[in-house]
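# Remarks on the overall topology
Here's the letter readout for the chains.
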Amino acid sequence: ARCENLEKTYQGPTGAVHALRGVTARFPRAVLTAVAGPSGSGKSSMLRILAGMDHPSAGAVEVEGMRIEGASWRRLRRLRRDKVGYVYQRPSDNFFPHLTVREHLQLAATSRRSPAIGVEELLDVLGIANRIDHLPSELSGGEQQRAAFAHVLASGARLVVADEPTAELDTRSALGVLAAIRQLLGSGVTFVLATHDGTVIRAVNELVELEHGLLRSKRRAREPAQLVEHPAAEHVAAGSRRDHTAVLEARGVSKTYRRGPEIVHAVQDVSLIVSNSELVGLIGRSGSGKTTLLNVVAGWERPDAGSVKVAGRLVEGAPPSWSEIAVLPQRLGLMEELTIRENLEYPARLAGRLYQTRPLIDRLVDSLGLSALQDRYPKETSVGEQQRAALARALVLAPQLLVADEPSGHQDFGWRNRVFESLRRATEDGTACVAATHDEGIAGYLDRVLAMSDGRLEEKSA
């Protein structure tokens, strides 16, 4: 694939958004290329054009010999059917919810293309052979992403375009996906990955860097780094330990699911106490039970055994208010008909506290880089920008407890630190925070690190 002077402009309710501005780049065959840059730099727009999902506003784009800029939608559909596979940024967007992984692969097998690698080998390399008869909703985010790669590759795509494919994967799972990609390069498959993940950037052959829609640099890596899982950073307490009041008290919490004849023990006898002004990190591989535990703590799911109290009140029955428990979910949940500013203000309007909270809203808008985006609608912003907006919305009422699921999953290095600085500041103002993450590089922001594996919890030593 190649593009010459590529431009993409979106016309939205708030005016024109210039996503790409005169970008020229090449994507060699059987090579792993990363398109890198901060949130809002134009990565996703470039990938959608390369995949034949959108037309450029100006410039020339050629993919597998087809000119994209003048192609009809029928020809673009044929390109996606015959030559290009696309992996969406949100893992669940890659599936039909009523089909199992096996049924998705069977559907892919009806393609006229021959896959570069056999389905059984794909499942083994991607580590999801034991999940083949499950629905997408029964998989963790990381498992869904790996299954999405299997689906695209099983259909025989020779160019695979993936948007932030490791954003919701733990380090080990990400390395597994990258190892599979490296193996497939030898079969003639070309990969273009949008990413801000340093693990991916170190592993690529070619790097295209974007910033504010402009090409900042394009270079060839001298030699991709070895795929080695580095040990977790040494834990450093973010602040001095003091006596605090317990906000979250979970006692003997268990949660199981039935999947046909199988019983999945997602959470097993977990007890947890988190005090006000405490930031606790919950780490673990995809599928370890982190999200289920957070859902139980937030009152979104009922435990099969045990109890959860927040500020001395049992979390059951009537849903808690935004000022009691605020949630930053992986799906974000921004309302598409409201602007970014209106989304942030929504909890304060519900509580009748908009006037009082405006100084905090302004501070969050500034610290999370949302000042220029306030009047845009969510669909006019990147997923990383939407994630920061969802975090700001969760914090506007200074909740007693904040539950955050992968709060930096779609952020580059700089914004990752800004996100955890915002969480740290919220705890300094009295909020208790539990953040599930696979990013072990943020240990310095945490008061405690808890590790989750197979539904069980243990505290990591400092």
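Residues numbered from 1 in each chain as written. Predicted model: local features only at pLDDT ≥ 70, side-chain atom pairs only at ≥ 80, totals over all residues. Heavy atoms only, no water.

Moving on to the overall build of the protein chain. Helices and strands together make up the secondary structure of the protein chain, namely 12 helices and 20 strands. For 462 residues, the compact-globule formula gives about 23 Å, and the C-alpha radius of gyration of the protein chain, at 22 Å, lands near that figure. In terms of principal-axis extent, the alpha carbons of the protein chain reach across some 65 × 50 × 40 Å. Within the protein chain, contacts between residues at least 6 apart in sequence are counted, and of these 72% link residues at least 24 apart. Total accessible area on the protein chain is roughly 20,100 Å²; 47% of this is exposed by carbon and sulfur atoms. (Helix = DSSP H or I, 4+ residues; strand = E, 2+ residues; numbered from the N terminus. Rg over C-alpha atoms; globule rule 2.2 N^0.38 Å. Contact = heavy atoms within 4.5 Å. Areas by Shrake-Rupley, 256 points an atom, 1.4 Å probe, with all protein chains shown as cover.)

With that settled, consider the sheet that holds strand β4 (residues 58–63). Whenever strands of a sheet pair, they do so through backbone hydrogen bonds, lying parallel or antiparallel. Here we have four strands laid out as an open sheet, ordered β2-β1-β4-β5, and antiparallel in their pairing. The sheet terminates laterally at β2 (15–26) and β5 (66–67), the two strands that pair on one side only. (Pairing = 2+ DSSP bridges.)

Another point: the side chain of Thr190. Locating Thr190 in the fold gives a position in strand β8 (residues 190–195). Given a relative accessible area of 4%, Thr190 falls into the buried group. Leave out the neighbours within four places in its chain, and Thr190 touches Pro28, Arg29, Ala30, Val31, Arg158, Leu159 and Val160. (Buried < 20%, exposed > 50% of the residue type's maximum accessible area, 1.4 Å probe, protein only.)

Moving on to a positive patch on the surface. Side chains of Arg74, Arg75, Arg77 and Arg78 sit close together on the surface and give a patch of like positive charge. Its place among the elements puts Arg74 in helix α2 (residues 73–82). Of the residues examined, Arg74 reaches a relative accessible area of 59% and is grouped as exposed. (Patch = residues over 30% accessible without salt bridge, like charges linked within 9 Å, V, L, I, M, F, W, Y side chains within 5 Å. Salt bridge = Lys/Arg side-chain N within 4 Å of Asp/Glu carboxyl O. Lys, Arg positive; Asp, Glu negative; His and termini not counted. Charge placed at Lys NZ, Arg CZ, Asp CG, Glu CD.)

Looking now at the packing of aromatic side chains. Going through the model one piece at a time under the given rule, you end up with two aromatic pairs. Taking 4.9 Å as the distance between ring centres and 70° as the angle between the ring planes, the aromatic pair formed by Tyr86 and Tyr88 counts as edge-to-face. When its relative accessible area of 13% is taken as the criterion, Tyr86 is described as buried. (Phe/Tyr/Trp six-rings, centres within 6.5 Å; stacked < 30°, edge-to-face > 60°.)

Turning to the environment of Ala390, a few remarks are in order. If you trace the backbone, Ala390 turns up in helix α11 (residues 383–395). What makes Ala390 buried here is its relative accessible area of 0%. Sequence-wise, Ala390 and Val315 are 75 residues apart; in three dimensions their C-alpha atoms are separated by 22 Å. Residues contacting Ala390, with those up to four places away along its chain left out, are Leu328, Leu332 and Leu334.

For the structure shown, the criterion picks out 21 salt bridges. With a shortest N-O distance of 2.6 Å, Glu4 and Arg26 are connected by a salt bridge. You can see Glu4 sitting in strand β1 (residues 2–12) and its partner Arg26 sitting in strand β2, a full 22 residues away along the chain. What makes Glu4 partly exposed here is its relative accessible area of 23%. Salt bridges sharing partners connect three or more residues here, namely Arg2, Glu4, Arg26 and Glu62.

Another point: the side chain of Glu278. Residue placement: Glu278 occurs in the loop between β12 (262–275) and β13 (279–283). By relative accessible area, which is 6% here, Glu278 ends up buried. Within the local environment of Glu278, its side chain forms a polar contact with the backbone nitrogen of Ser275, the two atoms lying 2.9 Å apart. (Polar contact = N/O pair within 3.5 Å; in protein donor to acceptor, adjacent residues only side chain to side chain.)

The next point concerns unusual backbone geometry. Its identity is not glycine, yet Ala398 carries a phi of approximately 45°, on the positive side. Tracing the backbone shows Ala398 in the loop between α11 and β17 (401–405). The partly exposed category is assigned to Ala398, whose relative accessible area is 45%.

Spatial ordering of the open sheet is given by β12-β11-β14-β15, a layout of four strands whose pairing is antiparallel. Each edge of the sheet is formed by a strand with only one pairing partner; in this case those strands are β12 and β15 (313–314). Sheet analysis places strand β11 (residues 246–259) next to β12, joined by 10 bridges and oriented antiparallel. Bridged to Arg259 within β12 is Glu262.

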